[in-house]
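# Notes for the structure review
If you want the building blocks of each chain, they are given just below.
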Amino acid sequence: MKKHVYIIAEAGVNHNGSVSMAKRLIDAAADAGADAVKFQTFKAGKVMTEYAPKAEYQKTTTAAMESQLDMVRKLELDEAAHLALADHCRLRAIQFLSTPFDEDSLEMLTRVLRVPVLKIPSGEITNGPLLLKAAQSKKAVILSTGMSTLDEVRTALGILAFGYGARGEKPSLSGFRESFRSAKGQQSLTSKVTLLHCTTEYPSAFADTNLRAMETMREAFGLRVGLSDHTPGIAASIAA
């Protein structure tokens, strides 16, 4: 049986806060034949401290005196912008996706945008409340695993399994572990969750890409796997 590879074009925040530029990114993704185009949804003040320093790659492309918080505020899109981009995706016959970084943003994506899939970034894999809310929405989840140990991935999957199956139970570590081990929990994970191997470096070197980590996770958890690619070009994605 032929397996379909699902290609997500990462628009991220490369629209620089401009809806018209974001629409051009959608057009480029659709013209390239991608299955989906993914943005980022967040409330800057909820996810970032004013004291956070910029990453090295951010320092080379933005004003030196501008804080990371001020930089990120310029990249924030409101609900109307999200709806406009989702409409443009429908026009271009490409799936609209976005990564929520806070619970309010997740709520907007699930209840207003009605996205079918939530992409959880590597940096939020230990954000238990966000993972729980994602699973309670009953949406499918694509979970990046950059910088994570297998135990951290297992814990995250336990939270997701608990959220998918919980019927009013109070969240607890024992409940997460029990949900992960249960047949019902495993069934929900198999049907709803995809794990992405990710090297958290921008850009990441080919020598550090370690694509066989996808096989390690597939063998460990029995789930669909893929690559969140930060290398230059498309060679690593083709190899994946």
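Before any of the text, the structure's been laid out above.
Note that the structure is a prediction, hence the values are computed from the model and not measured.

This part covers the overall build of the protein chain. Counting secondary structure elements, the protein chain contains 12 helices and 7 strands. Taken over C-alpha atoms, the radius of gyration comes to 18 Å for the protein chain, in line with the 18 Å a tight globule of 240 residues would show. Taking the principal axes of its C-alpha atoms as reference, the protein chain extends roughly 50 × 40 × 40 Å. Buried positions account for 43% of the 240 residues belonging to the protein chain. Restricting to contacts in the protein chain with at least 6 residues of sequence separation, those with at least 24 account for 66%.

Before going further, it helps to spend a moment on the packing of aromatic side chains. Inspection of every chain in the model, using the stated rule, returns 4 aromatic pairs. When the ring of phenylalanine 42 is compared with that of phenylalanine 101, the centres are 6.3 Å apart and the planes differ by 85°; the resulting orientation is edge-to-face. Of the two residues, phenylalanine 42 sits in the loop between strand E2 (36-41) and helix H2 (44-47) while phenylalanine 101 sits in the loop between strand E3 (95-100) and helix H6 (103-112), which places them 59 residues apart along the sequence. Taking the relative accessible area as the measure of exposure, phenylalanine 101 reaches 22% and is therefore partly exposed. A centroid spacing of 5.3 Å and a plane angle of 85° characterise the contact between phenylalanine 162 and phenylalanine 176, whose relative ring orientation is edge-to-face. Linking phenylalanine 162 in helix H8 (residues 150-165) with phenylalanine 176 in helix H9 (residues 173-181), this pair joins segments that are 14 residues apart in sequence.

At their nearest, the axes of H8 and helix H10 (residues 183-192) sit 9 Å apart, and the two run at 100° to each other. With respect to H10, the element H8 is oriented roughly perpendicular. Side by side, H8 and H10 meet where Leu157, Leu160, Ala161, Tyr164 and Gly165 of the first sit next to Lys184, Gly185, Ser188, Leu189 and Lys192 of the second. Across the contact of H8 with H10, the residue classes tally to 5 nonpolar, 3 polar and 2 charged.

The full count for this structure, using the stated rule, is 8 salt bridges. Measuring nitrogen to oxygen at the nearest pair gives 2.7 Å for the salt bridge that ties arginine 92 to aspartate 31. Highlighted residues: arginine 92 in the loop between helix H5 (79-91) and E3 and aspartate 31 in helix H1 (residues 19-32), separated in sequence by 61 residues. By relative accessible area, arginine 92 is classed as partly exposed at 29%. Of the residues examined, aspartate 31 reaches a relative accessible area of 59% and is grouped as exposed. Here glutamate 215 makes a salt bridge to arginine 212, at a shortest N to O gap of 3.1 Å. When its relative accessible area of 59% is taken as the criterion, arginine 212 is described as exposed. Through salt bridges with shared partners, one network takes in Asp27, Asp31 and Arg92.

Each value, and the rule that gives it
- Residues numbered from 1 in each chain as written.
- Predicted model: local features only at pLDDT ≥ 70, side-chain atom pairs only at ≥ 80, totals over all residues.
- Heavy atoms only, no water.
- Helix = DSSP H or I, 4+ residues; strand = E, 2+ residues; numbered from the N terminus.
- Rg over C-alpha atoms; globule rule 2.2 N^0.38 Å.
- Buried < 20%, exposed > 50% of the residue type's maximum accessible area, 1.4 Å probe, protein only.
- Contact = heavy atoms within 4.5 Å.
- Phe/Tyr/Trp six-rings, centres within 6.5 Å; stacked < 30°, edge-to-face > 60°.
- Axes fitted to C-alpha atoms, helices over the stretch in contact; angles between N-to-C directions.
- Parallel < 35°, antiparallel > 145°, perpendicular 65-115°, else oblique.
- Nonpolar A, V, L, I, M, F, W, Y, C, P; charged D, E, K, R; others polar.
- Salt bridge = Lys/Arg side-chain N within 4 Å of Asp/Glu carboxyl O.

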